[in-house]
Amino acid sequence: MTLILTTISPIFILLMLGYLAKHTGFLPADFWPYVEKASYYVLLPALLILNLSQAQIHWSETSLLVLGIILVPILAGLISWPFKALLNLNAADYTSFFQGGVRFSTYIGLAMSTVFPAPAPTLGALVLAVMIPVVNILCVLVFALLVQKQLKLDVLFKSLATNPLLVACVIGMILNILPWKLPVIVIDVFKQLGQMALPAGLLAVGAGLNLAALKGLHAPFFWSAALKLLVVPLLAVGVAFALGLDTVSSAILIIFAALPTAPSAYILARQLGGNAELMAGMITGQTLLALVSLPLVLSFLLH
């Protein structure tokens, strides 16, 4: 229990510090978009490039994990589909419900992966390299089919090509395969930037929490939270067991499956015609509920 508390506590303390810093006026509201931009476009990409370029990845041993990473969001999306009819959701509401079920908070996931022994941090970066494109393709497809009523491949390609985390993962994997390594000075700079990524990202996520968006949330929010924080992790347990993953790979897959939905889901909902207000409530509510659910998941994995 002490290990669980020492793992979870710093993450949620940083989230709450970010929330308090913004909502008490200690740091003004117009400061935080710059933190988010720096984290999303510079700090976290630097961390991913560094981790993936230096990782000792044995593809013959991680191929089953990669399959699991692909299967979990696809299965989560399929499980969410009946709720469109059960909850009588319109297209805009369902796209938020869908994102609430398949997206994951990158910063919290990477922070939690450090509690497990090597190669857990490397596998965490590998999860991002595979799951980011899968999740983005699924979400853009749902918006295209239900809201825009047409599939525009250029929109899908633009969504992928302009995602800095995906671009960073691709660069990191290419550097990993190439026979030459990054110059020492570049590695040192990326290390310094990478060390800022998780604290800055968690503070920004906390600042983005919107408690007012929780007012009036009913069945869609509660079912999305149950799906994301309870059902999807159990689904990942089943996938890990079915694929025969080793202990560390199973733990990383389950941890990322158990994460609350990502703050970036709000941006996509606003840009592509989803219910952005419902999405904001889901992001805030799931993040707060994860304060309870993630320690339970860690307790399961560490015993």
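Chemist: How would you summarise the overall build of the chain if you had to cite specific residues and measurements?
Modeler: From N to C terminus, the chain includes 14 helices and zero strands. Element order for the chain, N to C, with α for helix and β for strand: α-α-α-α-α-α-α-α-α-α-α-α-α-α. Taken over the C-alpha trace, the chain has a radius of gyration of 18 Å; the compact-globule value for 303 residues is 19 Å, and the two agree within 12%. C-alpha extents for the chain along the principal axes are approximately 55 × 50 × 45 Å. For the chain, contacts bridging at least 24 residues in sequence account for 85% of all contacts bridging at least 6. When the accessible surface of the chain is summed, it comes to about 14000 Å², and 71% of that surface belongs to carbon and sulfur atoms. Averaging the coordinates of the 12 positive side-chain charges in the chain and doing the same for the 8 negative ones gives two points 6 Å apart.

Chemist: Please set out the layout of surface pockets residue by residue, giving values where relevant.
Modeler: Size it by volume and the largest pocket reaches roughly 1300 Å³. Lining the largest pocket we find 43 residues, and of these Y40, P263, S264, I267 and L268 sit closest to its centre. Elements that contribute at least two residues to the lining of the largest pocket include exactly helix 1 (2-23), helix 2 (32-54), helix 6 (106-113), helix 7 (120-146), helix 8 (153-161), helix 10 (184-207), helix 13 (264-272) and helix 14 (276-301). Tallying contributions element by element places helix 2 first for the lining of the largest pocket, with eight residues. Residue classes in the lining of the largest pocket are distributed as 25 nonpolar, 13 polar and five charged. Put simply, the second largest pocket is a space of about 250 Å³. Lining the second largest pocket we find L47, L50, N51, L110, S113, T114, P121, F190, K191, G194, Q195 and L198.

Chemist: Give a description of the nonpolar core that names residues and reports values.
Modeler: Counting residues in hydrophobic clusters, the biggest one holds 103 residues, and the most contacted among them are L48, M112, F116, L253, F256 and L294. With residues near it in sequence (within four places) discarded, L294 still touches I8, F12, I108, M112, A258, L259 and P260.

Chemist: Please provide a residue-by-residue account of empty space enclosed by the protein, values included.
Modeler: On inspection of all chains with the given rule, the structure shows one cavity of 30 Å³ or more. The space that makes up the largest cavity amounts to roughly 40 Å³. For the largest cavity, the full set of lining residues is V72, P73, A76, G101, V102, F104, M131, K228, V232, F256 and A257. Elements that contribute at least two residues to the lining of the largest cavity include exactly helix 3 (59-80), helix 5 (91-102), helix 11 (219-243) and helix 12 (247-257). Among the elements that take part in the lining of the largest cavity, helix 3 stands out by supplying three residues, more than any other.

Chemist: So, the packing of helix 2 against helix 10: which residues are in play, and what are the values?
Modeler: For any two helices packed against each other, the geometry comes down to the angle between their axes and how far apart the axes lie. Two numbers describe how helix 2 lies on helix 10: the axes approach to 7 Å, and their chain directions differ by 135 degrees. Overall, the two elements helix 2 and helix 10 adopt an arrangement that is oblique. For the crossing formed where helix 2 meets helix 10, the hand is left-handed.

Chemist: Can you explain helix 10? Please cite residues and give values.
Modeler: End to end, helix 10 covers 35 Å across 24 residues, agreeing with the expected 34 Å (1.5 Å per residue, within 8%). Roughly 30 degrees is the biggest bend found in helix 10, and it falls at A197, with proline P199 one to four residues downstream.

What counts, and at which threshold
- Along every chain, residues carry numbers that run from 1 in the direction the sequence is written.
- Two thresholds apply to this predicted model, a pLDDT of at least 70 for residue-level local features and 80 or more for giving and counting side-chain atom pairs, whereas whole-chain, interface and lining totals are computed over all residues.
- As a rule here, side-chain values come from all non-hydrogen atoms in the structure, and water together with hydrogens is ignored.
- Strands are runs of DSSP state E lasting at least two residues, helices are runs of H or I lasting at least four, and both sets are numbered from the N terminus onward.
- In this treatment the radius of gyration is a C-alpha quantity, and the globule benchmark scales as 2.2 Å times the residue count to the 0.38 power.
- We call two residues contacting when some pair of their heavy atoms lies within 4.5 Å.
- Using a 1.4 Å probe, the Shrake-Rupley method yields the accessible areas, and only the shown protein chains count as cover for residues.
- Counted as positive: Lys and Arg. Counted as negative: Asp and Glu. His and the chain ends are not counted at all.
- Taken as the charge location is NZ of Lys, CZ of Arg, CG of Asp or CD of Glu.
- Points on a 1 Å grid over protein atoms alone make up a cavity when a 1.4 Å probe fits among them but cannot get out, and a pocket when they form an open set with protein on both sides within 12 Å along at least five of seven lines; lining residues each have an atom within 4 Å of a point.
- Grid points are joined across faces, edges and corners, and a volume is the space filled by probe spheres set on the points.
- As a working rule, the residues Ala, Val, Leu, Ile, Met, Phe, Trp, Tyr, Cys and Pro are called nonpolar, Asp, Glu, Lys and Arg charged, and the rest polar, with Gly in that last group.
- Side-chain atoms within 4.5 Å are what join buried Ala, Val, Leu, Ile, Met, Phe, Trp, Tyr and Cys residues into a set we call a nonpolar core.
- For every residue, the accessible area obtained with a 1.4 Å probe (protein chains only) is divided by the maximum for its type, and the residue is called buried under 20%, exposed over 50%, and partly exposed between those limits.
- Every angle, taken between N-to-C directions, lies between 0 and 180 degrees, and every axis is a line fitted to C-alpha atoms, over only the stretch in contact when it is a helix.
- Put simply, angles under 35 degrees are roughly parallel, angles over 145 are roughly antiparallel, angles from 65 to 115 are roughly perpendicular, and the rest are oblique.
- Crossing handedness is defined as follows: a turn of the near helix away from the far one that is anticlockwise and smaller than a right angle gives a left-handed crossing, while the clockwise case is right-handed.
- To estimate the expected span of a helix, subtract one from its residue number and multiply by 1.5 Å.
- Take the seven residues that end at a residue and the seven that start at it, fit an axis to each, and the angle between those axes is the bend at that residue.

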